[in-house]
Amino acid sequence: WNSRATILLVSLLSASALFFGLYYWTQKGVRHKLAWVRAQASLNLERQRIATDVHDDLGADLSRLLMLARQQEGGSNDGQLLTQGIKGSMEKIDEIIWSLDPRRDTLLGTAQFIEQQTRELCMANNLAFRTLMDLPQKQVQLSAKQRRDLMLFVREATRNAVKHAKAKGIRVDWS
């Protein structure tokens, strides 16, 4: 056991075992990461498919119903309520499509969507709307939950300003 050949052989076998152990452990991590990336890609494709289906099918049906309701409205209160209900449903569908679309998973895309929604709310209530956007130029990824939470926060703040503050205008600053 004390010969040089035995010591060299044991050292080589130990180094080989260590090398193969590290190789296996590294490959296992890479395979795990690759499986996660594939699952995310699959999830994003499914989200995009659902958003497209909702937009194409449900959106087209509601647009057709809205046109029919407007034709039938004729000043009746029921017709106006139907029209408002359909318009509200279409707005909710737009939000669902936005929340599902993986191409919108960025801070800038979220800010632009929220800005559009806020501008429309201000216009509907005859309020001035201004915005200042000072966001990073690089794409900052947000999860669907983060985007939704941010949208709900700004929407609630805007609605409270419209309803309770007797505001003449709203300004949203992004930084």
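Residues numbered from 1 in each chain as written. Predicted model: local features only at pLDDT ≥ 70, side-chain atom pairs only at ≥ 80, totals over all residues. Heavy atoms only, no water.

Caption draft 1: Just the confidence of the model for the protein, in detail. The pLDDT averaged across the protein works out to 82; a share of 95% of its residues lies at or above 70. Of all secondary-structure elements in the protein, the lowest mean pLDDT belongs to helix α2 (residues 77-100), at 75, while strand β1 (residues 128-133) reaches the highest, 91. (pLDDT = per-residue confidence, 0-100. Helix = DSSP H or I, 4+ residues; strand = E, 2+ residues; numbered from the N terminus.)

Caption draft 2: Structural context of the layout of surface pockets. The calculated volume of the largest pocket comes to roughly 400 Å³. Around the largest pocket, the lining is made up of 16 residues, and of these Glu91, Gln117, Leu121, Arg155 and Arg159 lie nearest the centre. Here the element with the most residues in the lining of the largest pocket is helix α3 (residues 107-124); it accounts for six residues. The residue makeup of the lining of the largest pocket, split by class, is five nonpolar, five polar and six charged. In this structure, the second largest pocket spans a volume of roughly 200 Å³. Surrounding the second largest pocket, Asp94, Ile97, Trp98, Asp101, Arg103, Arg104, Gly109, Gln112, Phe113, Gln116 and Gln117 form its lining. Those elements giving two or more residues to the lining of the second largest pocket turn out to be α2 and α3. Tallying contributions element by element places α3 first for the lining of the second largest pocket, with five residues. Here the residues of the lining of the second largest pocket are counted per class, giving three nonpolar, four polar and four charged. (1 Å grid on protein atoms, 1.4 Å probe; cavity = no way out; pocket = protein on both sides within 12 Å on 5 of 7 lines; lining within 4 Å. Points joined across faces, edges and corners; volume = space filled by probe spheres on them. Nonpolar A, V, L, I, M, F, W, Y, C, P; charged D, E, K, R; others polar.)

Caption draft 3: Inspection of the pairing of strand β2 (residues 169-174) at higher detail. Judged by which residues are buried, β2 turns out to be one-sided: Ile170, Val172 and Trp174 face inward and are buried, whereas Gly169, Arg171 and Asp173, on the alternate face, are not. By the bridge criterion, six bridges tie β1 to β2 in an arrangement that is parallel. Within β2, the residue paired with threonine 131 across the bridge is valine 172. With helix α4 (residues 144-164) bridging β1 and its parallel neighbour β2, the resulting β-α-β unit is left-handed. (Buried < 20%, exposed > 50% of the residue type's maximum accessible area, 1.4 Å probe, protein only. Pairing = 2+ DSSP bridges. Right-handed = clockwise from strand over helix to strand, strands pointing away.)

Caption draft 4: Representation of the packing of α3 against α4 within the structure. Closest axis-to-axis distance for the α3/α4 pair is 10 Å, and the angle between their directions is 25 degrees. In terms of their interaxial angle, α3 and α4 are classed as roughly parallel. α4 is crossed by α3, and the crossing has right-handed handedness. Between α3 and α4, the residues in contact are Leu107, Thr110, Phe113, Ile114, Thr118 and Leu121 and Arg147, Leu150, Met151, Val154, Thr158, Arg159 and Val162, respectively. Taken together, the residues of the contact of α3 with α4 break down into eight nonpolar, three polar and two charged. (Axes fitted to C-alpha atoms, helices over the stretch in contact; angles between N-to-C directions. Parallel < 35°, antiparallel > 145°, perpendicular 65-115°, else oblique. Left-handed = near helix turned anticlockwise from the far one by under 90°. Contact = heavy atoms within 4.5 Å.)

Caption draft 5: Just a nonpolar patch on the surface, in detail. A cluster of nonpolar side chains, contributed by Leu18, Leu22 and Trp25, occupies part of the molecular surface with about 390 Å² of accessible area. Tracing the sequence through the fold places tryptophan 25 in helix α1 (residues 4-73). (Patch = residues over 30% accessible without salt bridge, like charges linked within 9 Å, V, L, I, M, F, W, Y side chains within 5 Å. Areas by Shrake-Rupley, 256 points an atom, 1.4 Å probe, with all protein chains shown as cover. Salt bridge = Lys/Arg side-chain N within 4 Å of Asp/Glu carboxyl O.)

Caption draft 6: Up close: unusual backbone geometry. In this structure, asparagine 126 is a non-glycine residue whose phi angle is positive, near 55 degrees. Mapped onto the secondary structure, asparagine 126 falls in the loop between α3 and β1. The exposed category is assigned to asparagine 126, whose relative accessible area is 72%.

Caption draft 7: Seen up close, α3. Its 18 residues place the ends of α3 26 Å apart at the C-alpha level, agreeing with the 26 Å of an ideal helix rising 1.5 Å per residue. For α3, every residue scored as buried is listed here: Leu107, Gly109, Thr110, Ala111, Phe113, Ile114, Glu115, Thr118 and Cys122. (Expected span 1.5 Å × (residues − 1).)

Caption draft 8: Summary view of the environment of leucine 108. For leucine 108, the location among the structural elements is in helix α3. In sequence terms leucine 108 and glutamine 137 are 29 residues apart; their C-alpha atoms lie 8.7 Å from each other. The contacts of leucine 108, once residues within four sequence positions are left out, are Met133 and Leu135.

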